[in-house]
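Examination of the molecular architecture
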Amino acid sequence: MQALIETIAGGLMLGALYALFGLGLSLSLGVMKMINIAHGDLIVLGAYLCSTVMQLLGIGPFVSLLAVVPTMFVIGYGLQRVLLNRVVGRGALSPLLLTFGLSIVLQNILQEVYTADTRSLQAGEFALQGFDLGGVSIGLLPLVSTLISVAIFAGTSWLIGHSHLGRQARAVADDPGTARLVGVNDRNFFALVTGFVLAVIALASVMYGIRTPFSPTAGPERLLYSFEAVVLGGLGNVWGTFVGGLIIGVAQLLGAKVSSGLGPFFGHLVFLVALLARPQGLFGKGSR
């Protein structure tokens, strides 16, 4: 029983990271109706930027976020203004094709600059620390990652539900034409949303890079977990994405208990079964 509780706890904490991966994808779908195939590669890009800042300045991964988060925001804002705004609102196929091309370009650039060797972000003793809670062993890094994920989801949900930016997001998502008539610059707003998405990705990238080695071609796998969390919870539903990520994480670790190589398979299997039973997601579509 103790081993089962530890597995479930570990799965929930892993799932919170997957949910953080998926938050940006959920916002892109909910606000811009756009599926970003390059989302996973942008996660890997954030991890590599963090690694570069750490090497140049001799600082830890968390301190490097002071430079990486603003940099990723600027990259996101620029990508949306220069490139992605050209295909928003032009059907589902155009964004898919453009971001697929962006994914290929990012992977090749990362491989050219950093080579194909895997890397990881070193957090020293912090990554190894843990404590017992009622006889259950809890890692400090996964716990901190989970708390950060919960805080970001709570903050994002509050912004969407109670702020002027949130009202703009809902208006643009429901009817962009009418939103423009009342003075909302949807192109600039989309760029701000993508900048925010990449800032969140930067946080997820650090947690990912500390826990798991990464390479230039690791993006598609991150995209898959992100997409599963989003679809499982309900397209555009913020807290649904969080719950979806938790389910995927728990399924993976329970599957790994059956066989060490079956973890990802069980996560994909749970996603498939849930999708067949409830195609609209567990909580349906929404903006919250």
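So, on to the packing of aromatic side chains. Throughout the structure, instances matching the rule amount to ten aromatic pairs. Ring plane angle 45° and centroid distance 6.1 Å describe the contact between Y208 and F214, whose orientation is recorded as tilted. Looking at Y208, the relative accessible area reads 1%, which means it is buried. Classification of F214 as buried rests on a relative accessible area of 0%. A connected cluster of aromatic rings, assembled from ring pairs, spans Y18, F21, Y48, Y114, Y208, F214 and Y225.

Next up on the list: the layout of surface pockets. Taken as a whole, the largest pocket holds about 350 Å³ of empty space. Forming the walls of the largest pocket are 20 residues, and the residues nearest its centre are I160, A169, F189, V193 and F196. Elements represented by at least two residues in the lining of the largest pocket include exactly α1 (2–32), α5 (140–162), α6 (164–174) and α8 (186–211). Grouping the constituent residues of the lining of the largest pocket by class yields twelve nonpolar, seven polar and one charged. In this structure, the second largest pocket is lined by 17 residues; those nearest its centre are M32, K33, V88, G89 and P176. Broken down by secondary-structure element, the contributors of at least two residues to the lining of the second largest pocket are α1, α6, α7 (176–181) and α8. Tallying contributions element by element places α8 first for the lining of the second largest pocket, with three residues. Classifying every residue of the lining of the second largest pocket by side-chain character gives ten nonpolar, two polar and five charged.

Below, the discussion takes up helix α10 (residues 238–258). Along its 21 residues, α10 runs 31 Å from first to last C-alpha, staying within 8% of the 30 Å computed at 1.5 Å per residue. Looking at where α10 begins, the residue whose side-chain oxygen comes 3.5 Å from the main-chain nitrogen of W239 is N237.

On to the packing of α1 against α8, then. α8 packs onto α1 with a crossing angle of 165° between their chain directions and a minimal axis gap of 10 Å. Overall, the two elements α1 and α8 adopt an arrangement that is roughly antiparallel. Taken as a pair, α1 and α8 cross one another with a handedness that is left-handed. Facing M13, L14, L17, L20, F21, L23, G24, L27, S28, V31 and M32 of α1, the residues of α8 in contact are F189, F190, V193, T194, F196, V197, V200, A204, M207, Y208 and R211. Classifying every residue of the contact of α1 with α8 gives 18 nonpolar, three polar and one charged.

With that settled, consider the environment of S260. Inspection of the secondary structure puts S260 in the loop between α10 and α11 (263–277). Sequence separation of S260 and P220 is 40 residues, and the distance between their C-alpha atoms is 21 Å.

Definitions and cut-offs
- Residues numbered from 1 in each chain as written.
- Predicted model: local features only at pLDDT ≥ 70, side-chain atom pairs only at ≥ 80, totals over all residues.
- Heavy atoms only, no water.
- Phe/Tyr/Trp six-rings, centres within 6.5 Å; stacked < 30°, edge-to-face > 60°.
- Buried < 20%, exposed > 50% of the residue type's maximum accessible area, 1.4 Å probe, protein only.
- 1 Å grid on protein atoms, 1.4 Å probe; cavity = no way out; pocket = protein on both sides within 12 Å on 5 of 7 lines; lining within 4 Å.
- Points joined across faces, edges and corners; volume = space filled by probe spheres on them.
- Helix = DSSP H or I, 4+ residues; strand = E, 2+ residues; numbered from the N terminus.
- Nonpolar A, V, L, I, M, F, W, Y, C, P; charged D, E, K, R; others polar.
- Expected span 1.5 Å × (residues − 1).
- Polar contact = N/O pair within 3.5 Å; in protein donor to acceptor, adjacent residues only side chain to side chain.
- Axes fitted to C-alpha atoms, helices over the stretch in contact; angles between N-to-C directions.
- Parallel < 35°, antiparallel > 145°, perpendicular 65-115°, else oblique.
- Left-handed = near helix turned anticlockwise from the far one by under 90°.
- Contact = heavy atoms within 4.5 Å.

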